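Structural features, examined
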Amino acid sequence: MRPSNNHIGMNIPVDTRGFDRGHVGKRMRVELADGELLEIRLHELTVCDKLEPCCGITYILISTNRSGGKRENGAAYWTAFGEIEKFQVLGD
């Protein structure tokens, strides 16, 4: 299974939860399945032939509603599409 970036003209073979290449670079609020709320800047979408384990989003974390050191603001993270419940675009 080889990951590939979502480029212009590429068909996305998996459920991206509504994310598309137009969201890259946008500031967003993302709700995860475990209830964590993230404010992020989307860096890239990663899609591959099968849903697991490489399909998801890479982002820079702006803030989270969770404390305890699990995630650090300003750091880059990856999350699988399957962990995402919903998202909202907040701006550029």
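As the structure is a prediction and not an experimental result, all values here were calculated from the model.

In this section: the overall build of the protein chain. Within the protein chain one finds zero helices and six strands. From first element to last, N terminus to C terminus, the protein chain shows the α and β order β-β-β-β-β-β. Among the 92 residues that make up the protein chain, the fraction classed as buried is 32%. The contacts of the protein chain with a sequence gap of at least 6 include a subset with a gap of at least 24, amounting to 54%. Counting only carbon and sulfur atoms, one obtains 47% of the accessible surface of the protein chain, whose full area is about 5,500 Å².

It is worth spelling out the packing of aromatic side chains at this point. Enumeration over the complete set of coordinates arrives at three aromatic pairs. A centroid spacing of 6.3 Å and a plane angle of 40° characterise the contact between Phe19 and Phe81, whose relative ring orientation is tilted. On the criterion of sequence distance, the pair formed by Phe19 in the loop between strand S1 (4–5) and strand S2 (27–32) and Phe81 in the loop between strand S5 (76–80) and strand S6 (84–91) is long-range, its members being 62 residues apart. Phe81 shares its class with Phe19; the two are buried. For the pair Tyr59 and Tyr77, a centre-to-centre distance of 6.2 Å together with 35° between the ring planes defines the contact as tilted. Linking Tyr59 in strand S4 (residues 56–64) with Tyr77 in strand S5, this pair joins segments that are 18 residues apart in sequence. We classify Tyr59 as buried; its relative accessible area is 1%. An aromatic cluster of three or more residues is present, and its members are Phe19, Phe81 and Phe87. Stacked on the ring of Tyr77, the Lys or Arg Arg71 has its end atom at 5.5 Å from the ring centre.

With respect to the element layout, Glu36 can be found in the loop between S2 and strand S3 (37–47). With a relative accessible area of 1%, Glu36 lands in the buried category. A distance of 2.6 Å separates polar atoms of two side chains, one belonging to Glu36 and the other to Thr64. Polar contacts involving the side chain of Glu36 include one to the side chain of Arg71, which spans 3.2 Å.

On to unusual backbone geometry, then. Positive phi values are uncommon outside glycine, yet Arg17 reaches one of about 60°. Topologically, Arg17 is positioned in the loop between S1 and S2. Judged by its relative accessible area of 37%, Arg17 is partly exposed.

The biggest cluster of nonpolar side chains holds 18 residues, and the ones touching the most others in it are Phe19, Val30, Ile40, Ile57 and Phe81. Those elements that provide at least two residues to this core are S2, S3 and S4. Setting aside residues no more than four positions away along its own chain, Val30 makes contact with Phe19, Glu36, Leu37, Leu38, Ile40, Ile84, Lys86 and Phe87.

How each quantity is defined
Residues numbered from 1 in each chain as written. Predicted model: local features only at pLDDT ≥ 70, side-chain atom pairs only at ≥ 80, totals over all residues. Heavy atoms only, no water. Helix = DSSP H or I, 4+ residues; strand = E, 2+ residues; numbered from the N terminus. Buried < 20%, exposed > 50% of the residue type's maximum accessible area, 1.4 Å probe, protein only. Contact = heavy atoms within 4.5 Å. Areas by Shrake-Rupley, 256 points an atom, 1.4 Å probe, with all protein chains shown as cover. Phe/Tyr/Trp six-rings, centres within 6.5 Å; stacked < 30°, edge-to-face > 60°. Lys NZ or Arg CZ within 6 Å of the ring centre and 35° of its normal. Polar contact = N/O pair within 3.5 Å; in protein donor to acceptor, adjacent residues only side chain to side chain. Core = buried A, V, L, I, M, F, W, Y, C linked by side-chain atoms within 4.5 Å.

As far as function goes, none of this settles anything; it's purely spatial.
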